[in-house]
Amino acid sequence: MTDTRFNDLILKYHIGYDYKTPAVFLSGAMTGLTPEEQKGWRNRIIEILGNDVVVYDPTCFDAESQDNQVQENGFNYDISSIINSDMVILNLNKCMTSVGTCQEIMLAWLLGIPIVGFWENKEDIVPLHPWIEKELSLKFNNFEVLKFYLLKQFIFKQEKKDE
């Protein structure tokens, strides 16, 4: 699968062609993690992107809930959010142990939505399953490199447009 949607996103955002506010989905393991482990990295990305990007954060649903309606609502939220996203940001830590995360990135890949993966820090790096490697458009070895990439792609370009 080619990364044409990724290239379109960059072109649209950088030169104003068919401009719309970009949207990203924050994918990563949730089940069995503490609320801080689930939300910490997501909150940092939301803070970086500010109001320049629509951010879909699945932690608004309780991944540990045994209530079928809560789980169904979470599932539907994930599906519609990914469909409406221009990019998926994937926390690679523990992603292979998370059924939901694997399904989210497979859906994004099938829809041609670029998936940008990152490790929270270099100490966490482990070999990924070949399928996950195949689905990634970009991969960063730590959060700081991802942060720089997001600022370069979304925030710095927006400031230039506003001048």
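For the structure, see preceding data.
Right, let's walk through the structure included here.

Calculation notes
- Residues numbered from 1 in each chain as written.
- Predicted model: local features only at pLDDT ≥ 70, side-chain atom pairs only at ≥ 80, totals over all residues.
- Heavy atoms only, no water.
- Helix = DSSP H or I, 4+ residues; strand = E, 2+ residues; numbered from the N terminus.
- Buried < 20%, exposed > 50% of the residue type's maximum accessible area, 1.4 Å probe, protein only.
- Axes fitted to C-alpha atoms, helices over the stretch in contact; angles between N-to-C directions.
- Parallel < 35°, antiparallel > 145°, perpendicular 65-115°, else oblique.
- Left-handed = near helix turned anticlockwise from the far one by under 90°.
- Contact = heavy atoms within 4.5 Å.
- Nonpolar A, V, L, I, M, F, W, Y, C, P; charged D, E, K, R; others polar.
- Pairing = 2+ DSSP bridges.
- Right-handed = clockwise from strand over helix to strand, strands pointing away.

Quick look at the overall build of the protein
Secondary structure summary: the protein contains 6 helices and 5 strands in total. The helix and strand sequence of the protein, counted from the amino end, reads α-β-α-β-α-β-α-β-α-β-α. Considering the protein as a whole, with its 163 residues, one finds that 43% of them fall into the buried category.

Let's talk about the packing of helix α3 (residues 68-83) against helix α4 (residues 99-110)
Their axes nearest at 10 Å, the elements α3 and α4 cross at an angle of 30°. Taken together, the axes of α3 and α4 are roughly parallel relative to one another. Seen from above, α3 lies across α4 with right-handed handedness. Contact residues: D78, I79 and I82 in α3; E104, L107 and A108 in α4. In terms of residue class, the contact of α3 with α4 is built from 4 nonpolar, no polar and 2 charged.

With respect to the pairing of strand β3 (residues 87-91)
Most of β3 is tucked away: 5 of the 5 residues are buried. Along β3, one buried face is formed by M87, I89 and N91 and the opposite face, lined by V88 and L90, is buried too. Sheet analysis places strand β1 (residues 23-27) next to β3, joined by 4 bridges and oriented parallel. Bridging across to β3, F25 finds its partner in V88. Taken together, the 4 bridges between β3 and strand β4 (residues 115-118) define a ladder with parallel strand orientation. Considered in β4, the bridge of I89 is made with V116. Taking the sense of rotation as the criterion, the β-α-β connection linking β3, α4 and β4 turns out right-handed.

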